[in-house]
Amino acid sequence: MASSLIEKYMRMDKLPHIWCPGCGHGIVMRAVVKAIDELELNREKICIVSGIGCSSRAPGYMNFNTLHTTHGRALAFATGIKHANPELEVIVLTGDGDCTAIGGNHLIHAARRNMGITTVVFNNNIYGMTGGQYSPTTPTGDKGTTAPYGNIDKVFDICSLAQAAGATYTGRATVYHAQLLIRLIKDGIKNKGFSLIDAISVCPTYYGRKNKKGDSVRIMEWLKDNAVNVAAASKLPPEKLAGKFLIGELYNNPQPEYTEEYKKIVESFQRG
Amino acid sequence: MAVKQKGLVIKPDWCKGCGICVAFCPKDVLKMENNKVTIANGDACNGCGLCELRCPDFAIYLEEDEKDE
């Protein structure tokens, strides 16, 4: 037996999952099903879509309508699913590499169109599955298999990127702040348009080890000490925010959803 | 076999020994033994559920009270 939440929403014959000891992805996956449970959504009306990477193994464990697609293309498949059946609650589970590197173009256009999709990015700052290559969210100066002397690239702020492209809801939480993560996923699902939740996960096996950041507990303590809630940040002087990152609801500005606008066009011809 | 005390249930075969639940338990209820979590001081548990919230492997949870239907 496992908890009633896990028994209810997971494919029990696929558990335990194969993520590494201390990998944060299980915490994010649980947060997604907890959010679905609290919203009391009809699971038959949910479709969970992923791309490729450690993150994208998640739908294999989740007992919903699920689709495991090609690298970076989860949002392209999800766009098609939403168009074919706008009644579905489409949830994309992706990683920092899948979503912002190979899938970056799909991300900006799904956001631009305000597609009715909730995207949860399992952001562990590295490509875990393929052996620790640096990703667009590996902090500048940090190491990866492909950046043995330190990464000279600047990092993507995924929430700012999505917002600039047209997302109507963005938020960030970490696996330490899992309660907040559940709330943001719920609010992201409630938003009719494109929502993006940047879920900061931990990768002790590659990111932690290559950067001598310690085990999951130490990395989560770092997340606890360096995350500042956006509500508190507005009251802090800039020097207190140096080196910190923001968590909480970062943007919430509902706009007409794409498939609803599309339906209006179709209906305008059917009236004639 | 599941280990139970005060509604707290541990599923040792799913525990990978990361120690997250032990480190962030506000009441020091848990400890690691042979790379698995175990209950060191069950009486101190206040049922906050932070261990369940942050366990990446769903290996520890609070049993829900039986509700009268």
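Residues numbered from 1 in each chain as written. Chains lettered and ligands numbered in written order. Predicted model: local features only at pLDDT ≥ 70, side-chain atom pairs only at ≥ 80, totals over all residues. Heavy atoms only, no water.

This brings us to the overall build of chain A. What chain A contains, in helices and strands, is 13 helices and 10 strands. Relative to the globule expectation of 19 Å for 272 residues, the C-alpha radius of gyration of chain A, 18 Å, shows essentially globular dimensions. Among the 272 residues that make up chain A, the fraction classed as buried is 52%. Within chain A, counting contacts between residues at least 6 apart in sequence, those at least 24 apart form 67% of the total. When the accessible surface of chain A is summed, it comes to about 12,000 Å², and 54% of that surface belongs to carbon and sulfur atoms. Positive and negative charge centroids in chain A, built from 31 and 24 side chains respectively, lie 3 Å apart. (Helix = DSSP H or I, 4+ residues; strand = E, 2+ residues; numbered from the N terminus. Rg over C-alpha atoms; globule rule 2.2 N^0.38 Å. Buried < 20%, exposed > 50% of the residue type's maximum accessible area, 1.4 Å probe, protein only. Contact = heavy atoms within 4.5 Å. Areas by Shrake-Rupley, 256 points an atom, 1.4 Å probe, with all protein chains shown as cover. Lys, Arg positive; Asp, Glu negative; His and termini not counted. Charge placed at Lys NZ, Arg CZ, Asp CG, Glu CD.)

All names here are of chain A. When you line up the elements, Ala-173 lands in strand β7 (residues 169-174). When the C-alpha atoms of Ala-173 and Gly-60 are compared, they prove to be 23 Å apart, with 113 residues separating the residues in sequence. Leave out the neighbours within four places in its chain, and Ala-173 touches Leu-180, Leu-181, Leu-184, Asp-198, Ala-199, Ile-200 and Ile-247.

On to the sheet that holds strand β4 (residues 117-123) of chain A. The strands that make up a sheet are held in pairs by hydrogen bonds between backbone atoms, and each pair lies either parallel or antiparallel. Residue and element names in this part refer to chain A. Judged by pairing direction, the sheet is mixed, and its 8 strands sit side by side in the order β2-β1-β3-β4-β8-β7-β10-β9 without closing on themselves. Strands with a single pairing partner mark the edges of an open sheet, and in this sheet they are β2 (65-68) and β9 (227-229). The sheet shows a mean angle of 20° between the axes of neighbouring strands, direction not considered. (Pairing = 2+ DSSP bridges. Axes fitted to C-alpha atoms, helices over the stretch in contact; angles between N-to-C directions.)

This next bit is on the pattern of salt bridges. Residues and elements named next belong to chain A. According to the stated counting rule, one finds 16 salt bridges over all chains in the structure shown. The salt bridge involving Asp-142 is made with Lys-213; its shortest N-O contact spans 3.4 Å. Of the two residues, Asp-142 is situated in the loop between β6 (133-134) and α7 (158-165) and Lys-213 in the loop between α9 (204-210) and α10 (216-226); the sequence distance between them amounts to 71 residues. Of the charged contacts, one joins Asp-187 and Arg-183 as a salt bridge, the two residues approaching to 3.7 Å between their closest N and O atoms. (Salt bridge = Lys/Arg side-chain N within 4 Å of Asp/Glu carboxyl O.)

A word on the interface of chain B and chain A. If you look at the interface, chain B gives 17 residues, while chain A gives 29 residues. Across the interface of chain B and chain A, roughly 2,000 Å² is buried in total on both sides, 67% from carbon and sulfur atoms. On the chain B side of the interface with chain A, the three residues burying the most area are Trp14(B), Leu53(B) and Phe58(B), jointly 33% of the side's total. Linking chain B with chain A are 1 salt bridge, by the criterion used here. We note a salt bridge from Arg30(A) to Glu52(B), for which the minimum N-O separation is 3.2 Å. Viewed at the interface, chain A and chain B are joined by 7 residue pairs in polar contact (both at pLDDT 80 or more). Elements with a contribution of two residues or more to the side of chain B that touches chain A: α1 (20-24) and α2 (50-54) of chain B. A breakdown of the residues in the side of chain B that touches chain A according to their chemical character gives 10 nonpolar, 1 polar and 6 charged. (Buried area = accessible area lost by both parts, 1.4 Å probe. Polar contact = N/O pair within 3.5 Å; in protein donor to acceptor, adjacent residues only side chain to side chain. Nonpolar A, V, L, I, M, F, W, Y, C, P; charged D, E, K, R; others polar.)

A few words on helix α2 (residues 25-38) of chain A. Given 3.6 residues to a turn, an α-helix orients residues that are three or four positions apart in the same direction. All names here are of chain A. With 14 residues, α2 extends 20 Å from end C-alpha to end C-alpha; this agrees with the ideal 20 Å at 1.5 Å per step. α2 sits mainly inside the fold: 11 of its 14 residues count as buried. Within the span of α2, buried status applies to His-25, Gly-26, Ile-27, Val-28, Met-29, Arg-30, Ala-31, Val-32, Val-33, Ala-35 and Ile-36. Count one or two residues on from α2 and you reach Glu-40, which has phi positive near 50°. (Expected span 1.5 Å × (residues − 1).)

What follows covers the packing of aromatic side chains. Under the defined criterion, the tally for this structure stands at 4 aromatic pairs over all chains. With 5.2 Å between their ring centres and 70° between their planes, Tyr176(A) and Phe24(B) make a pair best called edge-to-face. You can see Tyr176(A) sitting in the loop between β7 and α8 (178-190) and its partner Phe24(B) sitting in helix α1, one on each of two chains. Ring centres 6.0 Å apart and planes at 15° place the aromatic pair Trp222(A) and Phe245(A) in the stacked group. Note that Trp222(A) is positioned in helix α10 and Phe245(A) in strand β10 (residues 245-252), a separation of 23 residues in sequence. Taking the relative accessible area as the measure of exposure, Phe245(A) reaches 16% and is therefore buried. The ring of Tyr206(A) is capped by Arg209(A), whose NZ or CZ atom sits 5.5 Å from the centre of that ring. A cation over a ring is seen here: Arg54(B) above Tyr176(A), with NZ or CZ 4.1 Å from the ring centre. (Phe/Tyr/Trp six-rings, centres within 6.5 Å; stacked < 30°, edge-to-face > 60°. Lys NZ or Arg CZ within 6 Å of the ring centre and 35° of its normal.)

Bringing the nonpolar core into the picture now. The biggest cluster of nonpolar side chains holds 68 residues, and the ones touching the most others in it are Met10(A), Ile36(A), Met62(A), Leu93(A), Ile185(A) and Leu30(B). The element best represented in this core is α2(A), accounting for 8 residues. Contacts of Ile185(A), omitting those with residues within four sequence positions, involve Ala31(A), Val32(A), Ala35(A), Val120(A) and Ile197(A). With 23 residues, the next largest nonpolar core counts Ala74(A), Ala110(A), Phe194(A) and Leu196(A) among its residues. (Core = buried A, V, L, I, M, F, W, Y, C linked by side-chain atoms within 4.5 Å.)

Residues and elements named next belong to chain B. Sheet topology note: the strand β3 (residues 30-33)/strand β4 (residues 36-39) ladder contains 4 bridges and is antiparallel. If you follow Lys-31 over to β4, its bridge partner there is Thr-38. With antiparallel pairing between neighbouring strands as the criterion, β3 and β4 make up a hairpin whose turn holds 2 residues, including Asn-34 at a positive phi of roughly 50°.

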